[in-house]
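Residue strings, one per chain:
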Amino acid sequence: MTSNKHTVFSGKITKITAGTTVKTLLSNLNEGTYCKVFKGNTEVTGNTLVGTGMVVKIMDGNTVKASYTLIVTGDVNGDGEISITDMISVKSHLLNKSPISGVYATAADTNGDGTISITDFIPIKAHI
């Protein structure tokens, strides 16, 4: 999988902006015509927003050749948008009340330095 707009590595696709639709995402992937996007076991298409935790699968007919988990920068809850819910999740993480992990932690790390800190919280708050 390759893209001129997004970063593809280790089974993940990052650098996806909030508000990106399935149609737009697939058009930005060089193999997009062979891909389908799934939320759980359900295929999502068209103008549906892509969210953190969704999966792009490269298909050969009905056979899955490869899978990549999507990480939308700032989208901590997986709905494809940056909202007050995401801001509260990051704040709770910073206060050690509710830790964020996995791809959702990567989405919360808005500056990409490998940790979730106040410098990640501020852009999410500013976006809202």
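Here goes a summary of the coordinates provided.

Here we come to the overall build of the protein. Of regular secondary structure, the protein possesses 4 helices and 6 strands. The order of α-helices and β-strands along the protein, N terminus first, is β-β-α-β-β-β-β-α-α-α. Taken over C-alpha atoms, the radius of gyration comes to 15 Å for the protein, in line with the 14 Å a tight globule of 128 residues would show. Counting only C-alpha atoms and orienting by the principal axes, one finds that the protein spans roughly 45 × 25 × 25 Å. The proportion of buried residues among the 128 residues of the protein is 38%. Put simply, the protein shows about 7,000 Å² of open surface, and 51% of that area lies on carbon and sulfur atoms. Across the protein, the 11 positively charged side chains and the 10 negatively charged ones have centroids separated by 2 Å.

The geometry of helix α2 (residues 84–94) relative to helix α4 (residues 118–127) is characterised by a closest axis approach of 9 Å and an angle of 160 degrees between their N-to-C directions. Relative to α4, the element α2 lies roughly antiparallel. Handedness of the α2/α4 crossing: left-handed. Each of D86, M87, V90, K91 and L94 in α2 lies in contact with α4, whose residues at this interface are I118, F121, I124 and K125.

Taken together, the side chains of I84, I88 and I128 make up a nonpolar region of the molecular surface, amounting to roughly 280 Å² of accessible area. Looking at the element boundaries, I84 is found in helix α2.

Calculation notes
Residues numbered from 1 in each chain as written. Predicted model: local features only at pLDDT ≥ 70, side-chain atom pairs only at ≥ 80, totals over all residues. Heavy atoms only, no water. Helix = DSSP H or I, 4+ residues; strand = E, 2+ residues; numbered from the N terminus. Rg over C-alpha atoms; globule rule 2.2 N^0.38 Å. Buried < 20%, exposed > 50% of the residue type's maximum accessible area, 1.4 Å probe, protein only. Areas by Shrake-Rupley, 256 points an atom, 1.4 Å probe, with all protein chains shown as cover. Lys, Arg positive; Asp, Glu negative; His and termini not counted. Charge placed at Lys NZ, Arg CZ, Asp CG, Glu CD. Axes fitted to C-alpha atoms, helices over the stretch in contact; angles between N-to-C directions. Parallel < 35°, antiparallel > 145°, perpendicular 65-115°, else oblique. Left-handed = near helix turned anticlockwise from the far one by under 90°. Contact = heavy atoms within 4.5 Å. Patch = residues over 30% accessible without salt bridge, like charges linked within 9 Å, V, L, I, M, F, W, Y side chains within 5 Å. Salt bridge = Lys/Arg side-chain N within 4 Å of Asp/Glu carboxyl O.

All we've got here are geometric facts, nothing functional implied.
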